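# An overview of the molecular structure
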Amino acid sequence: MKYSIVFPVVLMSIALTACERAVVVQPTPVLTVPGPAGPAGPTGAGGLSGSTGATGSTGATGDMGSPGYTGATGAKGNTGNTGDTGATGNTGNTGNTGNTGATGAKGNTGGDTVVIVPAPQQ
């Protein structure tokens, strides 16, 4: 956009310098008295939009954030299942037969013992 106006101006000045200059005759100045102002002219056309500017450079990297808080302690876990019952053990061996006991002493005979039986009552 900045060259679109400069280029025709330079081209025009080169073209005019190559031409032969005509002798300028200055006419006698005519003195005019200004009259009342005329009506305003129509509004001119809008100008062209300017070109988009260049993209800016990327900003610097931000600082590192502070460390986070320690998390809460987790809940206590459930009690585990009871294990299976073990198998029954084998039967033990039979013990040896014991020795024969001692023979007892000979008992006393009844000899003088009297047994009293009461008579039945009538």
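Residues numbered from 1 in each chain as written. Predicted model: local features only at pLDDT ≥ 70, side-chain atom pairs only at ≥ 80, totals over all residues. Heavy atoms only, no water.

Bringing the overall build of the protein into the picture now. Counting secondary structure elements, the protein contains one helix and zero strands. Buried residues in the protein amount to 0% of all 122 residues. Total accessible area on the protein stands at roughly 13,600 Å², and carbon and sulfur atoms take up 57% of it. (Helix = DSSP H or I, 4+ residues; strand = E, 2+ residues; numbered from the N terminus. Buried < 20%, exposed > 50% of the residue type's maximum accessible area, 1.4 Å probe, protein only. Areas by Shrake-Rupley, 256 points an atom, 1.4 Å probe, with all protein chains shown as cover.)

Together, V6, V10 and I14 line one region of the surface with nonpolar side chains, adding up to about 260 Å² of accessible area. Structurally, V6 is set in helix α1 (residues 2–18). Relative accessible area serves as the criterion here: at 45%, V6 is assigned to the partly exposed category. (Patch = residues over 30% accessible without salt bridge, like charges linked within 9 Å, V, L, I, M, F, W, Y side chains within 5 Å. Salt bridge = Lys/Arg side-chain N within 4 Å of Asp/Glu carboxyl O.)

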